[in-house]
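Structure at a glance
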Amino acid sequence: MQNPASNQSDIDRFERRNNELREIILKSNPKQLAINTDTKYIPINDAEGFFEFTYWHKKVSFSYPDLTLYDPENQKEFSEKEQAMILYYFNTANGVPLSEEWISFSELPDGMFYNQAFQSYTGKKLVSYFQNDRTGFEKVAMHLSGHAYPLGSASFIFKILPRISLLVVHWLGDEDFLPSFQVLFNASAHHYMVTDGYAILGSILCGRLINAYAK
């Protein structure tokens, strides 16, 4: 369990960065932002509106010009960490076509420096729970709306944002090799999110897989 002071420190850090990102994003036209992010912009008047899109397969709204993510069903705002993911997405997205290739975290900008840490809370954490249970992995992956992909022993693509998907690959072990997992990214990923953001999204995804498996 994290120290509450540490949690508050993280919240404060995200809040400061989020406000900085909002100032940058507001320099762009909302219609162009919608094109770059593959979202739908719905104007309320000449100065206000909101973006509609899905985030983790849930329909959400992102207000303009205050740029705040909320649930349209209950008007509840998302956490500062979740706000950061959307703000980074809107700030980074430039509309470049997605690739048909997948790359590792180490191939993302500056990913090599943080790859060992990333693997410790993604691939290594997954294998500590699933081991060789391919069926169990497939069940929870489908439960979380993953789409099967032909790689490794079992792989699933998880769509997080309109232009951001993560691929989780499971390799079964045998007498010569231990089982393993790896989270992969679209080769055009750096056009839609900063590397730190992908680290957070990968951690969230692996946490959801593990929580679903433990139930």
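Conventions adopted
- Residues numbered from 1 in each chain as written.
- Predicted model: local features only at pLDDT ≥ 70, side-chain atom pairs only at ≥ 80, totals over all residues.
- Heavy atoms only, no water.
- Helix = DSSP H or I, 4+ residues; strand = E, 2+ residues; numbered from the N terminus.
- Rg over C-alpha atoms; globule rule 2.2 N^0.38 Å.
- Buried < 20%, exposed > 50% of the residue type's maximum accessible area, 1.4 Å probe, protein only.
- Contact = heavy atoms within 4.5 Å.
- Areas by Shrake-Rupley, 256 points an atom, 1.4 Å probe, with all protein chains shown as cover.
- Lys, Arg positive; Asp, Glu negative; His and termini not counted.
- Charge placed at Lys NZ, Arg CZ, Asp CG, Glu CD.
- Patch = residues over 30% accessible without salt bridge, like charges linked within 9 Å, V, L, I, M, F, W, Y side chains within 5 Å.
- Salt bridge = Lys/Arg side-chain N within 4 Å of Asp/Glu carboxyl O.
- Pairing = 2+ DSSP bridges.
- Axes fitted to C-alpha atoms, helices over the stretch in contact; angles between N-to-C directions.
- Arc of directions from axis to C-beta.
- 1 Å grid on protein atoms, 1.4 Å probe; cavity = no way out; pocket = protein on both sides within 12 Å on 5 of 7 lines; lining within 4 Å.
- Points joined across faces, edges and corners; volume = space filled by probe spheres on them.
- Nonpolar A, V, L, I, M, F, W, Y, C, P; charged D, E, K, R; others polar.
- Parallel < 35°, antiparallel > 145°, perpendicular 65-115°, else oblique.
- pLDDT = per-residue confidence, 0-100.

Here we take up the overall build of the chain. If you tally the helices and strands in the chain, you get seven helices and nine strands. Its C-alpha atoms give the chain a radius of gyration of 18 Å, within 12% of the compact-globule value 17 Å for 215 residues. By its C-alpha atoms, the chain is 65 × 40 × 35 Å across when sized along the principal axes. Counting across all 215 residues of the chain, residues that qualify as buried make up 45%. Restricting the contact set of the chain to residue pairs at least 6 apart, pairs at least 24 apart contribute 55%. Of the roughly 11,800 Å² that the chain leaves accessible, carbon and sulfur atoms contribute 50%. Each charge sign in the chain was given a centre, from 19 positive and 25 negative side chains, and these centres are 4 Å apart.

Take a nonpolar patch on the surface next. Side chains of Met112, Phe113 and Tyr114 sit close together on the surface and give an oily, nonpolar patch of about 420 Å² of accessible area. The residue methionine 112 is located in helix α4 (residues 111-120) in this model.

Let us look at the sheet that holds strand β6 (residues 147-148). Reading across the sheet, the five strands line up as β5-β9-β8-β7-β6 and stay open at both edges, with antiparallel pairing between neighbours. Edge strands, defined here as strands with exactly one partner in the open sheet, are β5 (102-103) and β6. Pairing analysis gives six bridges linking strand β8 (residues 164-171) to strand β9 (residues 180-186), with the strands arranged antiparallel. When the bridges of β9 are listed, valine 168 appears paired with valine 183. Across the sheet, helix α5 (residues 123-130) touches β8 and β9, and the angle it forms with β9 is around 140°.

This part covers α5. Count 3.6 residues to each turn of an α-helix, and residues three or four apart come out pointing the same way. When α5 is considered as a whole, its buried residues turn out to be Gly123, Leu126, Val127 and Phe130. For α5, the arc enclosing every buried residue in end-on projection is 95°, short of the 170-degree limit, so these residues lie on one face. Following α5 by one or two positions, glutamine 131 adopts a phi angle in the positive range, close to 50°.

With that settled, consider the layout of surface pockets. Counted as a void, the largest pocket has a volume near 620 Å³. Around the largest pocket sit 23 residues that line it, and Asp10, Arg13, Phe14, Lys81 and Ile200 are the ones nearest its centre. At the level of elements, α1 (4-25), α3 (80-92), α4 and α7 (195-214) are the ones that each hand at least two residues to the lining of the largest pocket. In this structure, the second largest pocket occupies an estimated 240 Å³ of space. Looking at the second largest pocket, the residues that line it are Tyr121, Lys125, Tyr129, Ser203, Ile204, Cys206, Gly207, Arg208, Ile210 and Asn211. Of all the secondary-structure elements, those providing two or more residues to the lining of the second largest pocket are α5 and α7. The element best represented in the lining of the second largest pocket is α7, accounting for seven residues. Class assignment of the residues belonging to the lining of the second largest pocket gives a composition of five nonpolar, three polar and two charged.

Regarding α4, the residues found buried are Gly111, Asn115, Phe118 and Gln119. Here the buried residues of α4 occupy an arc of 85° about the axis, which is enough to place them on one side. Residues of α4 that are exposed and angled more than 90 degrees away from the buried face: Phe113 and Gln116. As for α4, its buried residues are in contact with α5, β9 and α7.

Before going further, it helps to examine the packing of α5 against α7. Look at α5 against α7: their axes get within 10 Å of each other, and the N-to-C directions meet at 10°. As summarised for this structure, α5 and α7 are arranged roughly parallel, according to the angle between their axes. From α5, Lys125, Leu126, Tyr129 and Phe130 reach across to α7, where they touch Cys206, Leu209, Ile210 and Tyr213. Here the residues of the contact of α5 with α7 are counted per class, giving seven nonpolar, no polar and one charged.

This next bit is on the environment of lysine 124. Residue position: lysine 124 is located in helix α5. Sequence spacing of lysine 124 and aspartate 176 is 52 residues, and the spatial spacing of their C-alpha atoms is 18 Å.

What follows deals with the confidence of the model for the chain. For the chain, the mean per-residue pLDDT works out to 94, and 97% of the residues sit at or above 70. Counted against residues more than four places away or in other chains, residues 1-6, with its pLDDT under 50, gives two contacts.

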